[in-house]
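# Inside the fold
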Amino acid sequence: MLTDSVMGATGAGKSFFINTLLKNQKMEVGTDLRSCTTELGFGYMENIQGHPLLDKHPIVLVDTPGFDDTFETDFTILEKIAEWLKNSYKEGAKLGGVIYLHDISAPRFFSGTARRNLQMFRSLCGEDVLDNVVLGTTKWVLKVPDSELRHEQLKADYWKPLIDKGAHALRFDNSFQSGWSLIDALLSPRIQHTVNEAVLQIQKELVDEKKIIPETEAGKELRYTLQEILNIQKKIQALDRGGGEEIRAQRQEAQQKVKILASQIQKLKIPLSRRLRKLLGF
């Protein structure tokens, strides 16, 4: 059985995408900006009429929470995803591929959330498995102006380094047929021979190299981005004390975020004992 992991920012439509393929409302779908996916969810595709490929290669679709989630901290999300990837690799599960979804209606790609999710995605996957990656755009049914331009900009700019190394870029228009096209791209004859060899970078780091999460590339990336956000929140926290009600509310929110961010960054620090062992060659 093959496993396809579905990743992307909160609100990109991961749960809806999986439900469309399963033809079943198995995953809870949000209707506002808050995330419904706080735990990994699993859906099984097999014995679907008209798709004989599934007879030989039944697929498990894994719904993952997005980073910058509304309920969970980013460290907790990384921990959940990393733990599942680590265990599945140790148990010999075959990775069919990874699908990364992006909301085409989002006003700017290079917003903090979209940028951070893509950076984390690359850190989790590494460069060696991009033949087994599909980049999908969602929310086309909203018919947002300039959607075509945004899609082409993604391919020509932000996604180009991944596409140049084998990743596919496709659209999901809410239909089963377009959803299946993303799956088919992962199982096409051109890449089927690599299915058994597809191991994500974080799986190698955690299992083969016996690293802990703060030592992985994803852990380092998260620590770096959280530090950036922490610096911004500290500046907001230092706003003029004499400001109006709106300024006071921003300052109070920043104070709360500073505490949360500082806690997450602390968890992502490499323990002194690990650093000493590495320094001494143990």
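These notes cover the structure that comes with them. Quantities reported herein were computed from a predicted structural model and do not represent experimental measurements. (Residues numbered from 1 in each chain as written. Predicted model: local features only at pLDDT ≥ 70, side-chain atom pairs only at ≥ 80, totals over all residues. Heavy atoms only, no water.)

## With respect to helix 7 (residues 176-187)
Taking 1.5 Å of rise per residue, the twelve residues of helix 7 would be expected to cover 16 Å, and the 16 Å separating its terminal C-alpha atoms lies within 8% of that figure. Within the sequence span of helix 7, burial applies to Phe176, Ser178, Gly179, Trp180, Leu182, Ile183, Ala185, Leu186 and Leu187. (Helix = DSSP H or I, 4+ residues; strand = E, 2+ residues; numbered from the N terminus. Expected span 1.5 Å × (residues − 1). Buried < 20%, exposed > 50% of the residue type's maximum accessible area, 1.4 Å probe, protein only.)

## A few points about the nonpolar core
Judged by nonpolar contacts, the single largest core of 43 residues is most densely connected at Leu78, Val98, Phe121, Leu135 and Ile202. Among the secondary structure elements, those contributing two or more residues to this core are strand 3 (59-63), helix 3 (74-90), strand 4 (94-103), helix 4 (112-125), strand 5 (133-138), helix 9 (201-208), helix 10 (217-237) and helix 11 (245-267). With seven residues, the top contributor of residues to this core is helix 3. Aside from chain neighbours lying at most four places away, what touches Leu78 is Phe67, Met120, Leu124, Ile202, Ile213, Ala218, Gly219 and Leu222. If you look at the next biggest cluster of nonpolar residues, it comprises 21 residues, including Leu2, Ala12, Trp180 and Leu186. (Core = buried A, V, L, I, M, F, W, Y, C linked by side-chain atoms within 4.5 Å. Contact = heavy atoms within 4.5 Å.)

## Regarding the side chain of Ser123
Among the structural elements, Ser123 can be located in helix 4. Classification of Ser123 by relative accessible area gives buried; the value is 11%. Ser123 has contacts with Gln201, Glu217, Ala218 and Glu221, leaving out every residue within four places of it along the chain.

## Remarks on a nonpolar patch on the surface
Residues Leu272, Leu276 and Leu279 make up a contiguous nonpolar surface patch of roughly 340 Å² in combined accessible area. Looking at the element boundaries, Leu276 is found in helix 12 (residues 272-279). (Patch = residues over 30% accessible without salt bridge, like charges linked within 9 Å, V, L, I, M, F, W, Y side chains within 5 Å. Areas by Shrake-Rupley, 256 points an atom, 1.4 Å probe, with all protein chains shown as cover. Salt bridge = Lys/Arg side-chain N within 4 Å of Asp/Glu carboxyl O.)

## Remarks on the packing of aromatic side chains
Applying the stated criterion across every chain yields a total of four aromatic pairs. On the basis of an interplanar angle of 55 degrees and a centroid distance of 6.2 Å, the ring pair of Phe16 and Phe172 is categorised as tilted. On the criterion of sequence distance, the pair formed by Phe16 in helix 1 (residues 14-22) and Phe172 in the loop between strand 6 (168-171) and helix 7 is long-range, its members being 156 residues apart. Of the residues examined, Phe172 reaches a relative accessible area of 1% and is grouped as buried. Put simply, the rings of Phe16, Phe17 and Phe172 touch in pairs and so form one group of aromatic residues. Lying over the aromatic face of Phe176, Lys23 brings its terminal NZ or CZ to 4.4 Å of the ring centre. (Phe/Tyr/Trp six-rings, centres within 6.5 Å; stacked < 30°, edge-to-face > 60°. Lys NZ or Arg CZ within 6 Å of the ring centre and 35° of its normal.)

## Considering the sheet that holds strand 5
Strand order in the open sheet formed by six strands is 2-3-1-4-5-6, and the pairing between neighbours is mixed. Looking at strand neighbours, the two that pair on one side only are strand 2 (41-45) and strand 6, the edges of this open sheet. In this sheet, neighbouring strand axes are inclined to one another by 25 degrees on average, regardless of whether the strands run parallel or antiparallel. Note: strand 4 against strand 5, six bridges, orientation parallel. When the bridges of strand 5 are listed, Ile99 appears paired with Val134. Against the sheet, helix 1 touches strand 1 (2-8), strand 2, strand 3 and strand 4, its axis set at about 155 degrees to strand 3. (Pairing = 2+ DSSP bridges. Axes fitted to C-alpha atoms, helices over the stretch in contact; angles between N-to-C directions.)

## Remarks on the packing of helix 3 against helix 9
Two quantities define a packed helix pair, namely the angle between the helix axes and the distance between the axes. Two elements in contact, helix 3 and helix 9, have axes whose closest approach is 9 Å; the angle formed by their N-to-C orientations is 70 degrees. Looking at the two axes, helix 3 sits roughly perpendicular to helix 9. Every residue of helix 9 that contacts helix 3 at Leu78, Ala82, Leu85, Lys86, Ser88, Tyr89 and Lys90 is listed here: Ile202, Gln203, Lys204, Leu206, Val207 and Asp208. A per-class count over the contact of helix 3 with helix 9 returns seven nonpolar, two polar and four charged. (Parallel < 35°, antiparallel > 145°, perpendicular 65-115°, else oblique. Nonpolar A, V, L, I, M, F, W, Y, C, P; charged D, E, K, R; others polar.)

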